[in-house]
Each structure stands twice: as C-alpha cells, then as structure tokens.
Amino acid sequence: MAESAYLPGVTIQDANVLDSPRHSTLVRVTHWIHTLSFFGLAVSGIGILLAHPRLYWGETGGVGTPSVLDLPLPFMLGGPSSWGRSLHFLSAWVCILNGLLYALSGLFTQHFRRNLLPGKADLATGNITRVLANHLRLKRPSDAESNSYNVLQRLAYLTVVFVLFPLMIITGLAMSPAITSVFPAIVIIFGGQQSARTIHFFVANFLVLFLIVHVAMVCLAGFKNRMRAMITGQATAGKDLS
Amino acid sequence: MSDKLSRRKLITTGLATAAGVSGLGVAAVLADRYNLIPPDHGGVFGAGETLTYAAQRILTSHHSLAREFNRSDISKVAPVNGPPPENETYQRLKAGGFVDWRLTVDGAVARPSSFSLADLKRFPTSTQITHQACEEGWSFIAEWTGVRLSYVLNLVGVHPRAKYAVFFPYENGQPPVAWWESIDMPDAWHPQTFLAYGMNGQDLPGPHGAPVRLKVARQLGYKSVKYLTRMTIVDSVKNIGKGLGGSNPEIGYSWYAGI
C-alpha cells in the first residue's frame, strides 16, 4: 500500500479493482456462510446416516428387507443421530435462507445471466473439448481466462445451484411426514420416502465431490489469489500485489 | 462527502438494526401467542428447533392428513427397537391378558378418568394405513386400529388452557431415563392421532406396545409412545422431568419430530 501511494499507475489500478471486485460483497458473504452451513450439513448428515447406514428404494425399508446399498459402516445408535439431526436442521435453515438470498440477488443483479449462463461460443464442441483438455492436463488458466468463468465452471456452478441443491431440499422435505401431509406430491415423485432418502444420500455425495474438485481447482489456479478474491473481493489477475 | 455518507450509513444501519431487533421481538411474542415455540427452544440448536416447529405448525395448521396407503402396501417386516418392558406390574398385566390394564387420564381435564382396554374398544373404531419412520432411518407401513385420541379428549373435557398431552408408558428398558413424551394440542386433536390397540388386523403385538400405544401419524416413531399407562393434560411441561417435553429431548433428540 505504501508503495502504491508513490505510483499513480498502481493506485489507479487498485481503485479499478476496488470499484469492480471479482466477487460482489453479497456473493462473498453468502459463499462463506454457505461454507459453514454445508460443513454442518455434511458432518451431521454422516452422523444421521451412521444410525442406519443402509439405503432402500420405495416407501419402506429396514433390516430384513432388501436394500439398494449397504455401506460398510457400523450401526451407531444414540449419539450421532440425535445431535446430528438438530445440527442438520439448524444448518439447513442457515443454508436455505442464505441460499435464497444468494439466488434471488443473483437473479435480480443478473449475476447468473451475465457470469454463469454459458453463451453459444462457450457451448461449441471445440470449446468444451479445449477446456476439458486443459483441465485434464491440470493446466493453470491464463490471466485472460481467469477473468471469467469457463464453460465447465459455468455448467458446474449452475448444476450445483439450480439442480443439486434444490434436489437436496426437496428430497429432504420428502422425508418429513408433516411436510408430505401438506404436499404429498414431493414424496410421490421420488417413488417413496426411502427413495427420497437414497436420492438425498447420492446427491449429497455429488455435492461433496463438487467441493473436492472446487477446492482442488482453487489450489491449481492459485490458492492465495483465489482466497483473497473470495474474502476481500480483490482480483489480482497476473501479479500478486501482496 | 465521505462524512455525509458515513453518517447516512450509520443512520441506515442503526435503523435497520432497530427494525431487526424489534422485528425479532414481535416475532417472538407472536410465536408465543400462537404456540409456535417448542419446549426445547433453548440451547445451541434451539433456533433450528423453533424455526422447524413454527414453520411446520403454520403449514399444517389445517389438520393436513398424513398419506394413507392400501392394504397391499402393508410391510411384511415391521421392525421394533427393543423388547417389551420387564416392569413387574406390566408383566402381571400381560399375564392376565391386560384385563386389569387401565389408562389413567388426568390433569387439566373436567372429568379425570381411567379406561380399560374394553372401554377403549367400545368407543368408535378408526383405522389408518400409514407410514412410520424411525429416527434411525428405517420405516414400515402398517394398519393401525384404535380410538381417536380426540374422542377421549372430548369425553374427559379438556380445559381451554391445555397445551400438551403428556404420555407415560410402563418403562421399556431404557434406564436411567424415566420414559415420557408429549405432543401439542394440534397433534392431540388430529384425526390420525390414535390410542391404538390393533395392528394389521390383530391385537397390538407385544413389542409394538401392547396393549395400547399412541399413534402420531405426522411425526417420527419415537413420538408414538408404546405400553401406555397414563396420559395427563397440562398447560406447561416445565415441571415434568427437565422441562423439555419428553425424555427424548433430555437425551438430545428433538421434541418435535415432524422432521
């Protein structure tokens, strides 16, 4: 900072950066609140699952009936499912309210349309192949490329925001006898309460997989810069100003 | 310029905070007024418990009915958690075919009563084929036969200030916790809340809560108390156990289990 006071060029660049942050304040705040709530949901979800680590299809299922997946985990009764469920619901409330704020503001400010919806050129086969090849070769993005989301990022984020999370919420609610007494359709469309539970489990796995890839990509693209961008909003394309 | 801006910001933030705090205050008063605060609203998870309970009570305020199924959907396997109580009184009643069994009803009622199994069976019979899920994750569908709790509540005359129906079973082998549970009046009056004495066309089997269990269709299985011996109607659960509305909340489970 002391340096920039003597260098008008850098000062101007800094001001530009401050004027148009890489991520808006709302995106940054909701991102980290979401991180916390997702962590709470994942940990407590595992806790709940451990009470009965078997998954079924249809309306009902239990020991003595056929399952679709027997996880090689112990049946842990008592502990993890009691505080687990309370933590799960508290985290879910934070996740949903925070997610609503993010989604509504993203629609309102056109963030989704401008930054996430892929354009025609993005969806061209050649482009997708090129981006995919770069990813598979773990090629670090160029400065120009890291200024906007590539097609794979766009599709991944849109899928997470508009497919996987809504699916988690609906399958979660489909397991509630009180909610389904008001909206029976949300459990019928999944083929039953146990099917909803099973889908909830698999979608959770996809979300964790997304998280792993997401963090890996952040590391690959430059952990410090990316973290700074999501915390302070300052993008430092190219040179690291720190 | 920046002075003005920061002052404006300060005023806006102040107003927003004041609005937020008073909004929360009003919400708390309204929630209390409309019975939207569960007994286990305190503690780390209290906010989540309260939000879930309040949201679901508002959504289900028109006595929405749990889904009902066909006879062909009834599960061949209906698991249970644990055997019937080893309690001496219970064993004696069981040996006598539950002829001497009574359900005591007291508390905030006009006519405290006690009902035998024959009494309950004489009352109008209702059946439901509903899904019951254990908090652990497994579930089954069964047909339950019994008398609507609302019928018994009308017989004994519930005091208007009543807020909870509290249920005590013969202990079912979970010491050191003295087992008890409670439901709110919307669930107590709900047409699918039964004092159930039959299951799948037969007398209620021992491990499923013989001779009579509670059946609460819109909540998880642990709210459907087995091996009933007493029901008491109260305006507060503060003075029962730890005041959390049941022994399940005392060991970490949610009091409200509409999920």
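Residues numbered from 1 in each chain as written. Chains lettered and ligands numbered in written order. Predicted model: local features only at pLDDT ≥ 70, side-chain atom pairs only at ≥ 80, totals over all residues.

1. What to know about the overall build of chain B
To keep things clear, this is the line we draw: Helix and strand assignments come from DSSP, with helices taken as H or I runs of at least 4 residues and strands as E runs of at least 2, each series counted from the N terminus. Exposure in this text rests on C-beta crowding, where 20 or more other C-beta atoms within 10 Å of a residue's own make it buried, 12 or fewer make it exposed, and counts in between make it partly exposed. The C-beta atoms are placed from the backbone. By definition, residues are in contact whenever their C-beta atoms, placed on the basis of the backbone, come within 7 Å of each other.
A count of helical and extended segments in chain B gives 7 helices and 10 strands. Projecting the C-alpha coordinates of chain B onto the three principal axes gives extents of approximately 90 × 40 × 35 Å. Within chain B, the fraction of its 259 residues that count as buried is 43%. Of all intrachain contacts in chain B linking residues separated by at least 6 positions in sequence, the fraction that spans at least 24 positions is 68%.

2. So, the environment of A:A185
Note on placement: A:A185 falls in helix 9 (residues 185-188). Sequence spacing of A:A185 and A:R113 is 72 residues, and the spatial spacing of their C-alpha atoms is 31 Å.

3. Re the nonpolar core
Generally speaking, a soluble globular protein has its nonpolar side chains buried in company with each other. Inclusion rule: Under the definition applied here, buried Ala, Val, Leu, Ile, Met, Phe, Trp, Tyr and Cys residues are grouped into a nonpolar core through C-beta atoms within 7 Å.
B:A165, B:V166, B:F167, B:L195, B:A196, B:V212 and B:L228 are the most contacted members of the largest nonpolar core, which has 47 residues in total. Every residue in contact with B:A165, bar those within four places of it in the chain, is listed here: B:S182, B:I183, B:A188, B:M231 and B:I233. Listed in part, the 18 residues of the second largest apolar core include A:I179, B:L36, B:L244 and B:Y256.

4. With respect to the interface of chain B and chain A
Definition in use: Residues are grouped as follows: nonpolar covers Ala, Val, Leu, Ile, Met, Phe, Trp, Tyr, Cys and Pro; charged covers Asp, Glu, Lys and Arg; every other residue, Gly included, is treated as polar.
Taken together, the contacts link 35 residues of chain B with 31 residues of chain A. Among the secondary structure elements, those contributing two or more residues to the side of chain B that touches chain A are helix 2 (46-59), strand 3 (126-133) and strand 4 (139-148) of chain B. The leading source of residues in the side of chain B that touches chain A is helix 2 of chain B, at 7 residues. Its residues placed into classes, the side of chain B that touches chain A shows 16 nonpolar, 13 polar and 6 charged.

5. Things to note about the packing of helix 3 (residues 25-50) of chain A against helix 10 (residues 193-231) of chain A
Residue and element names in this part refer to chain A. Selection criterion: Comment: axis = line fitted to C-alpha atoms, over the contacting stretch for helices; angle = value between 0 and 180 degrees taken between N-to-C directions. In this scheme the handedness of a crossing depends on how the near helix is turned from the far one: anticlockwise by less than a right angle means left-handed, clockwise means right-handed.
As a packed pair, helix 3 and helix 10 sit with axes 12 Å apart at the nearest point and diverge in direction by 145°. Helix 3 and helix 10 meet at a crossing whose hand is left-handed. Judged by residue contacts, R28, H31, A42, G45 and L49 of helix 3 engage F201, A204, V208, M230 and I231 from helix 10.

6. Considering the confidence of the model for chain A
Residue and element names in this part refer to chain A. Here is the rule we go by: For every residue, the pLDDT score states the predictor's confidence, bounded by 0 at the bottom and 100 at the top.
The predicted model of chain A has a mean per-residue pLDDT of 88, with 89% of residues at 70 or higher. In the model, residues 1-19 has pLDDT below 50 throughout and makes 6 contacts with residues more than four positions away in sequence or in other chains. Within the model, pLDDT remains below 50 along residues 238-242, and this stretch shows 4 contacts once partners closer than five positions in the same chain are excluded.

7. Quick look at helix 7 (residues 151-174) of chain A
Residues and elements named next belong to chain A. Filter applied, for reference: Helix span, as expected, comes to 1.5 Å for every residue beyond the first. Take the seven residues that end at a residue and the seven that start at it, fit an axis to each, and the angle between those axes is the bend at that residue.
Helix length check: helix 7 (24 residues) gives 33 Å between terminal C-alpha atoms against 34 Å at 1.5 Å per residue, within 8%. At V160, helix 7 is deflected by roughly 40°, the largest bend along its length. Those residues of helix 7 that sit buried are R154, M168, T171, G172 and A174. At its buried positions, helix 7 is contacted by helix 4 (79-108), helix 5 (111-116), helix 8 (177-182), helix 9 and helix 10.

8. Details of the sheet that holds strand 1 (residues 102-107) of chain B
Residues and elements named next belong to chain B. Where we set the bar: One requirement defines pairing of two strands: DSSP has to find at least two bridges between them.
On the basis of which strands lie adjacent, the open sheet formed by 5 strands has the order 2-1-10-5-6 and mixed pairing. Single-partner strands in this sheet number two, and they are strand 2 (113-116) and strand 6 (181-184). When strand polarity is set aside, the average angle formed by the axes of neighbouring strands in this sheet is 20°. Pairing of strand 1 with strand 2, which is carried by 4 bridges, proceeds in the antiparallel orientation. Residue pairing in the sheet places T104 in a bridge with S114 of strand 2.

9. Considerations on the packing of helix 3 of chain A against helix 4 of chain A
All names here are of chain A. Selection rule: Any angle between 65 and 115 degrees counts as roughly perpendicular, while under 35 counts as roughly parallel, over 145 as roughly antiparallel, and the rest as oblique.
Viewed as axis vectors pointing N to C, helix 3 and helix 4 meet at an angle of 155°, and their least axial separation amounts to 7 Å. What the angle tells us is that helix 3 and helix 4 run roughly antiparallel. Handedness of the crossing formed by helix 3 with helix 4: left-handed. Partitioned by chemical class, the residues of the contact of helix 3 with helix 4 number 13 nonpolar, 14 polar and 1 charged.

10. Some remarks on the confidence of the model for chain B
This prediction gives chain B a mean pLDDT of 93; 96% of its residues lie at or above 70. Prediction confidence for the complex, expressed as pTM and ipTM, is 0.90 and 0.91 respectively.

11. Details of the pairing of strand 4 of chain B
All names here are of chain B. Burial of strand 4 is extensive: 10 of the 10 residues sit out of reach of the surface. When strand 3 meets strand 4, the two strands line up antiparallel, connected through 8 bridges. Residue S126 lies in a different strand from strand 4, and its bridge partner there is G146. Remark: 5 residues form the turn of the hairpin made by strand 3 and strand 4, two consecutive strands paired antiparallel; G137 in that turn has positive phi of roughly 135°. With 5 bridges joining them, strand 4 and strand 7 (residues 193-199) adopt antiparallel strand pairing. Bridge pairing in strand 7 links V147 to L195.

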